[in-house]
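Fold and contact review
Each chain is listed here by its residues.
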Amino acid sequence: MATDRATAAPILACSELRKSFGDRVAVDGVSFAIAPSETYGLLGPNGAGKTTTISMICGTLVRDGGTVHVAGQPVDVGAVEAKRHIGYVPQDLAIYPELSARENLRFFGQLYGLGGADLKHRVDEILETIGLTDRADERTDGFSGGMKRRLNIGIGLLNRPRLLVLDEPTVGVDPQSRNAILASVEELGRQGMAILYTTHYMEEAERLCDRVGIIDSGQIKAEGTRRQLVGLIGQKDRVDLTASGELEAAADALRGLDGVDEATPHEGGIGILVTDARSILPRLLEVVSAAGASVNGVEIVEPDLEAVFLHLTGRALRD
Amino acid sequence: MRAALVIAAKDLRQRLRDRTAIVVAVIAPFGLAAIFSMLLGGTDDPISFTYAYADADGSEITAGLREGGLAALEEAGIATVVEADSPDAARDLVDDGEADAALIVPSGFGAALVAGQGADLEIVGSTDAGFATQVLGAVAEGFVAEVEAVRLSVATAAEALAEPPSPERFAELAERAAATSSPIRVEPVAVDVRQMSSTTFYAASMAIFFLFFTAQFGVLSLLAERRVGTLPRLAAAPIPSWSIVLGKAIGSFVLGIVAMAVLVTASSFLLGAEWGNPFGVALLVLGAVLSAMGITALIATLARTEEQAGGWNSIVAVTMGILGGTFFDLGQGPEALAILSRITPHAWFLEGLDILSAPSAGPAELAVPVAFLVGIGLVTGAIGLARARSLVVRR
């Protein structure tokens, strides 16, 4: 599969995307490509430029610079042909509360050129897929949050897109619905759909994505598979100290220790990258106490994308 | 175009489920028109009385009463005269409510008049029909005055003769006096009167006043789509961005036309409003809907939020409604106000209907009001639609 992806023409190719709102640069030279049947994640904190990037890819926002091609077709705000290949699931619940689930699906299906028996068949198919067949003719303002989320995703699948764009689809969703959504995305990926998935949840990116682009301040800091990204910072362990007191001074002192690569204070503690957490932990605690900070808890974690993000940006994803 | 129609159909379905649209578009204007018409309009119904008539005298003189004044009332469509067999039968008709009043000629009435003696005509009126009784009394007095004039003429002529005339000569004089026409005549002249009835005025006023609330639904729904997050999904669909704006405009247009058509029809059948030539009314409604759509689109697209747009449009609608003469007759205000009202579609719409209230008026007489209505709609609408498109295409 990897060889196929490497040789196949990308479903999405965007190059040097730029967008500013007044003096604020939202997206600054973003470039990446997605191969057929690949799930690509844009991982970054709120305000990193994920939604702005997606808006330019889907042709809903005029860009300042750069190019976007989907299935070989150039994308712009007026590009009708390229948009036929995109299924877009916005972060907000983009459904009409006064209409039923079926009416919502029929409406958007018609906008994508479906009609007659094909539209009816496809709507029934999507209702089955998202598990809303029994509630199909009820107004959606009576739906639970999870049901609305499922319908929101279902609308994005109506046109059998070659590229499915999901903008933080699990924000504000209860754990059970969230797990169902992630399972659906995994299944779509297995079926061969190319997926662009944005999230600020590291575990979602790790679970779903073949490749991840780490985005911050409108720039892609690094991209690759999880293994490639973790490799960027070496096979390091991460020690999270829950602490209070002189955190800045403690972090400075930790940076002077052999075996400590990074020490970053944040609200409520210090994040530390080390070569071997277990052997160095007693020394870490000793130095932190000596610097005037009180340690209330310790967590040791294997290297993950959160650590990569910390390494690349100097701050945590949740910041 | 197909996408625009799909969007318009979706919008109309939403509006129908949102009952406030029906209230604003139809129920409120119709209800207020009915209330205003009842409270302030007086009655526009034509006068129609039923009179009982009993002639117990049966003389040649009293025949003139039936064939003169009463027949004239019937010919004018003011009254229906029911001839009773006897004075009691006439009184019974009034008592039973089958007649508003009765005119009873007693036996010997004609002979008493000829003899120069006093004679009474009896008028019986229903307590609920004072005006009908007054009219009948006036007819009777007119008849008495005419008989008196003949009697005086004959008496004057007889006085001028050297010797008293023979009975034959006396009758001839009386006949000639009665046949002499008055040198002063009041002739009703038919003119092409332009005056809307009060019912029509209030129906039309409320219709165009509320049209400005109905016509804003399209552009407000565009702002609502942005608020709830469906607008980016529409913009991501494989359709031209103008089709989204066009769809909203079509939705507003259809809603405005349907609301006005329902109001015109309902007020005609239920309130008795007389809108005039149907083709002329259709032209005025078309122009009014276009102008309301244009102005509301322009105002709403200057706003940032749906609530702000709705508020601004309400202010503009009320101001223009007052200025345009939807609540009072502009002719009663200062001349400057009448001139200023010409900037509002309301004034042109009512002016057009006033023109149509003349019986012979048709679409050809509406060129000026319709041109102003459509012109206002096109100018403001072009700016509004251009601004609305910028809501769809984010920059």
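Predicted model, so just to flag it, every value in this text is computed and none were measured. The numbers attached to residues start from 1 for each chain and follow its sequence in the written order. All chains are assigned letters beginning with A, and all ligands numbers beginning with 1, in the order in which they are written. For this predicted model, a pLDDT threshold of at least 70 governs which residues receive local features, and a threshold of 80 or more governs which side-chain atom pairs are given and counted, while totals over whole chains, interfaces and linings are taken from all residues.

1. Regarding the overall build of chain A
Along the backbone of chain A there are twelve helices and 14 strands. Taken across its 319 residues, chain A has 49% of its residues classed as buried. We call two residues in contact if the C-beta atoms placed from their backbones are at most 7 Å apart. Partitioning the contacts of chain A with sequence separation of at least 6, the portion at a separation of at least 24 is 69%. Helix and strand assignments follow DSSP, with helices taken as H or I runs no shorter than four residues and strands as E runs no shorter than two, numbered in order from the N terminus. Burial in this document is a count-based property: other C-beta atoms within 10 Å of a residue's C-beta are tallied, and the residue is buried at 20 or more, exposed at 12 or fewer, or partly exposed in between, with C-beta positions derived from the backbone.

2. A closer look at the overall build of chain B
Secondary structure summary: chain B contains 16 helices and four strands in total. The long-range share in chain B, meaning contacts at least 24 apart out of those at least 6 apart in sequence, stands at 78%.

3. Let's talk about the sheet that holds strand 5 (residues 73-74) of chain A
Residues and elements named next belong to chain A. Sheet architecture is open: four strands sit in the order 2-1-4-5, paired in antiparallel fashion. Strand pairing shows two members of the sheet lacking a second neighbour, strand 2 (24-34) and strand 5, which therefore form its edges. Pairing between strand 1 (residues 12-21) and strand 4 (residues 65-70): five bridges, direction antiparallel. Residue pairing for strand 4: leucine 12 is matched across the bridge by valine 70. Against the sheet, helix 2 (residues 50-57) engages strand 1, strand 2 and strand 4, with an angle of about 120° to strand 1. By definition, two strands form a pair when at least two bridges between them are found by DSSP. Only C-alpha atoms enter the line fits that serve as axes; for helices the fit covers just the stretch in contact. Angles between N-to-C directions range over 0 to 180 degrees.

4. Looking at the confidence of the model for chain B
Residue and element names in this part refer to chain B. Predicted confidence across chain B gives a mean pLDDT of 81, with 85% of residues reaching 70 or more. For chain B, helix 7 (residues 167-179) is the element with the lowest average pLDDT, namely 63, and helix 10 (residues 230-236) is the one with the highest, namely 92. Known as pLDDT, the predictor's per-residue confidence is scaled from 0 to 100. Across residues 182-194, confidence stays below pLDDT 50; counting only partners more than four residues off in sequence or on other chains, it has eight contacts. What the predictor reports for the complex is a pTM of 0.68 with an ipTM of 0.77.

5. So, the interface of chain B and chain A
Interfaces are often sized by the accessible area lost when the parts come together. Counting residues at the interface gives 21 residues for chain B, matched by 24 residues for chain A. Within the residue set of the side of chain B that touches chain A, elements represented by two or more residues are helix 1 (2-17) and helix 10 of chain B. When residues in the side of chain B that touches chain A are grouped by element, the largest group, six residues, is from helix 1 of chain B. Counted by class, the side of chain B that touches chain A contains ten nonpolar, four polar and seven charged residues. Gly falls in the polar group here, along with every residue not listed as nonpolar (Ala, Val, Leu, Ile, Met, Phe, Trp, Tyr, Cys, Pro) or charged (Asp, Glu, Lys, Arg).

6. A look at the environment of A:Val165
Residue and element names in this part refer to chain A. Inspection of the secondary structure assignment puts valine 165 in strand 7 (residues 163-167). A count of 24 C-beta atoms within 10 Å places valine 165 in the buried class. Excluding anything up to four places from it in sequence, valine 165 contacts Ile54, Ile57, Cys58, Ile86, Gly87, Tyr88, Val89 and Leu196.

7. Remarks on helix 10 (residues 247-255) of chain A
Residue and element names in this part refer to chain A. Within helix 10, burial applies to Leu247, Ala250, Ala251, Ala253 and Leu254. One face of helix 10 carries all of its buried residues, which in axial projection span an arc of 160°. For helix 10, the secondary structure elements touched by its buried residues are strand 11 (237-245), strand 12 (260-266), strand 13 (269-274), helix 11 (277-290) and strand 14 (293-301). In this context, the arc is that of the directions from the helix axis out to the C-beta atoms.

8. Focus: the environment of B:Ile27
Following the sequence through the fold, B:Ile27 ends up in helix 2 (residues 19-40). Exposure remark for B:Ile27: the 14 C-beta atoms within 10 Å place this residue in the partly exposed category.

9. Regarding helix 12 (residues 278-302) of chain B
The end-to-end C-alpha separation of helix 12 of chain B is 36 Å, in line with the 36 Å expected for 25 residues at 1.5 Å each. Buried residues dominate helix 12 of chain B, accounting for 20 of its 25 residues. Multiplying one less than the number of residues by 1.5 Å gives the expected span of a helix.

10. Some details on the confidence of the model for chain A
Averaged over all residues, the pLDDT of chain A is 88; the fraction at 70 or higher stands at 96%. Per-element confidence in chain A is highest for helix 4 (residues 101-111) of chain A, whose mean pLDDT is 95, and lowest for helix 1 (residues 2-7) of chain A, whose mean pLDDT is 56.

11. Section: the environment of A:Ile233
All names here are of chain A. Tracing the chain through its elements places isoleucine 233 in the loop between helix 9 (226-232) and strand 11. Between the C-alpha atoms of isoleucine 233 and leucine 310, which are 77 residues apart in sequence, the distance is 9.9 Å. Not counting the four nearest positions on each side in its chain, isoleucine 233 is found in contact with Leu273, Pro303, Ala307, Val308 and His311.

12. Considerations on the sheet that holds strand 1 (residues 49-55) of chain B
All names here are of chain B. Read from one edge of the open sheet, four strands run 2-1-3-4, paired in mixed fashion. Sheet topology places strand 2 (79-83) and strand 4 (122-125) at the edges, where each strand pairs with a single neighbour. Neighbour-to-neighbour, the strand axes of this sheet turn through a mean angle of 20°, independent of strand direction. Here strand 1 pairs with strand 2 via five bridges, running parallel. Following the sheet pairing, phenylalanine 49 is matched in strand 2 by alanine 79.

13. Regarding the nonpolar core
As a rule of thumb, nonpolar side chains are buried together in soluble globular proteins. Put simply, a nonpolar core is a cluster of buried Ala, Val, Leu, Ile, Met, Phe, Trp, Tyr and Cys residues tied together by C-beta atoms within 7 Å. Residues A:Leu163, A:Val165, A:Ile195, A:Leu254, A:Ile272 and B:Leu211 are the most contacted members of the largest nonpolar core, which totals 177 residues. If one sorts the elements of this core by residue count, helix 12 of chain B sits on top with 14 residues. The contact partners of A:Ile272, leaving out residues within four places of it in the chain, are A:Arg238, A:Val239, A:Leu241, A:Leu254, A:Val260, A:Glu262, A:Ala263 and A:Leu284. If you look at the next biggest cluster of nonpolar residues, it comprises 25 residues, including B:Ile61, B:Ala90, B:Val94 and B:Ala101.

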